[in-house]
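# Fold and contact review
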Amino acid sequence: MIPYSTQFIEEDDITAVVEILKGSHLTQGAKVEEFEEAIAHYVGARYCITFNSATSALLGAYAVADLKENNEIITTPISFVATSNMAVALAAKPIFCDVKMDGNIDETLIESLITPQTRAIVPVDFAGKPVAVESIKSIAKKHGLLVIEDASHALGSDINHQKIGSFADMTIFSFHAIKPITTGEGGAVVTNDETFASRLKLFRSHGIIKKQLWNSDMVSLGHNFRLTEFAAALGLSQLQKLDRFINVREHIARYYDERFEKHPLFTTITIPDNEQSARHLYPLLLNPELHCVKEEIFTELQTRGLGVQVHYKPIYQNSFYKERFGEIRLPTTELFYKSELSIPCHQKMSMDDAVNVADIVLNVIEKYSYRGCSF
Ligand SMILES: *Cc1c(COP(=O)(O)O)cnc(C)c1O
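Residues numbered from 1 in each chain as written. Predicted model: local features only at pLDDT ≥ 70, side-chain atom pairs only at ≥ 80, totals over all residues. Heavy atoms only, no water.

### Considerations on the pairing of strand S5 (residues 118–122)
Burial analysis of S5 places four of its five residues in the buried class, which makes it a mostly covered element. Across four bridges, the pairing between strand S3 (residues 72–75) and S5 is parallel. Across the sheet, Ile74 pairs through a bridge with Ile121, a residue of S5. Relative to strand S6 (residues 146–150), S5 runs parallel, the two being bridged by two bridges. Bridging across to S6, Ile121 finds its partner in Val147. Read as a crossover between parallel neighbours, the route from S5 over helix H5 (residues 133–143) to S6 is right-handed. (Buried < 20%, exposed > 50% of the residue type's maximum accessible area, 1.4 Å probe, protein only. Helix = DSSP H or I, 4+ residues; strand = E, 2+ residues; numbered from the N terminus. Pairing = 2+ DSSP bridges. Right-handed = clockwise from strand over helix to strand, strands pointing away.)

Right under this line is the structure:
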């Protein structure tokens, strides 16, 4: 089975981890700071604060943004649930904005959703394709809002060679096993704001500051959301390979783009020439006439060894969200969900694998086309 995405761990990654396991500090040592400096440097942000997941990093970002009961964030329903869950965890309300057919929030619809309760705009760089971050920033500036970017798919993505992580007030990355690089579980917030950075550090580690000798003071409510030293060592080793990983994924994605160009049954998502996508996912968008056979296509691709997946069921369609916030409908979001199918694209694949994947995808999709769907 070729998964849609997977980790790629090499000997030097293992050596880096083992070195830490043999050393004195498994946690709260120098590696975490070294990893943080390396991430901040890579994306061009002043501060990086690592967490034990992107989910806890999102909670931290929302908490230091002072998101409170009845506050609202404007966010995308085409994401993993954690993006909005962590706002709900602070009793805030996610206001879902419709998306475009590249899966990214439709920036032209954001302004109409702003209310006196709105605190932040929270876009997600779907599949690694950068959101229209400059437009989103200018809307935020006009209305005094923060931009908190969930870039869990987008470490290494850039716009005009400026990396995602250097645009928003706070940007979140995930180092989950299948994300652009991994620490097993892990995440980070990057920011240029010193106050956010110091509050995030407190939030991550019990809200305690060290004083003299044994004296410390707990000054704010905190958690233990720290990354371990061996996770940071893995992350540092992986970060050195990020550009190589992206290159492999880009190569495969461009090959798919060519093989699938102008296909009558489905489309793909084009990355503009001035942008780089980390290519976390390679999404196909099935034409409406194939929506009624999507389950069959999905199952047959799985049977033929392709670990395909659908990203994402709109967050508001989950029963928790329906019960808590009532039912909503967003037309492009729902069309996108019906159309989307992510096929394997990752750094562990060879070009032979990519040829094989493209052959199977075309063979299976074309086989189901005759059935057609009625509207
Ligand atoms: C993976 C992911 C998360 C959660 O990341 P974890 O590190 O697993 O907590 C959040 N948002 C998006 C968009 C993701 O893809």
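### Some points on the pattern of salt bridges
In total, this model carries 18 salt bridges according to the counting rule given. For the salt bridge of Glu111 with Lys142, the shortest nitrogen-to-oxygen distance reads 2.7 Å. Highlighted residues: Glu111 in the loop between strand S4 (93–96) and S5 and Lys142 in helix H5, separated in sequence by 31 residues. Salt bridges linked by common partners bring Glu10, Asp12, Asp13, Lys241 and Arg244 together as one network. (Salt bridge = Lys/Arg side-chain N within 4 Å of Asp/Glu carboxyl O.)

### What to know about helix H9 (residues 294–303)
Taken residue by residue, H9 has Lys294, Ile297, Glu300 and Leu301 as its buried positions. The buried side chains of H9 occupy one side of the element, clustering within an arc of 135 degrees when seen end-on. Exposed residues pointing more than 90 degrees away from the buried face of H9 are listed as Glu295 and Thr303. Considering only its buried residues, H9 is in contact with strand S15 (282–286), strand S16 (306–307), helix H11 (331–339), strand S17 (340–343) and helix H12 (351–368). Positive backbone phi, approximately 95 degrees, marks Gly305, located one or two places after H9. (Arc of directions from axis to C-beta. Contact = heavy atoms within 4.5 Å.)

### What about empty space enclosed by the protein?
Throughout the structure, instances matching the rule amount to two cavities of 30 Å³ or more. As a volume, the largest cavity reaches approximately 80 Å³. Split by residue class, the lining of the largest cavity holds seven nonpolar, one polar and three charged. Looking at the second largest cavity, its volume works out to about 30 Å³. In this structure, the second largest cavity is lined by Ser5, Thr6, Ile178, Lys179, Pro180, Arg249, His280, His346 and Gln347. A per-class count over the lining of the second largest cavity returns two nonpolar, five polar and two charged. For the lining of the second largest cavity, the two domains that each supply at least three residues are domain 1 (2–239) and domain 2 (242–371). (1 Å grid on protein atoms, 1.4 Å probe; cavity = no way out; pocket = protein on both sides within 12 Å on 5 of 7 lines; lining within 4 Å. Points joined across faces, edges and corners; volume = space filled by probe spheres on them. Nonpolar A, V, L, I, M, F, W, Y, C, P; charged D, E, K, R; others polar. Domains from an automatic or database assignment.)

No statement about biological role is implied by the geometric values presented.
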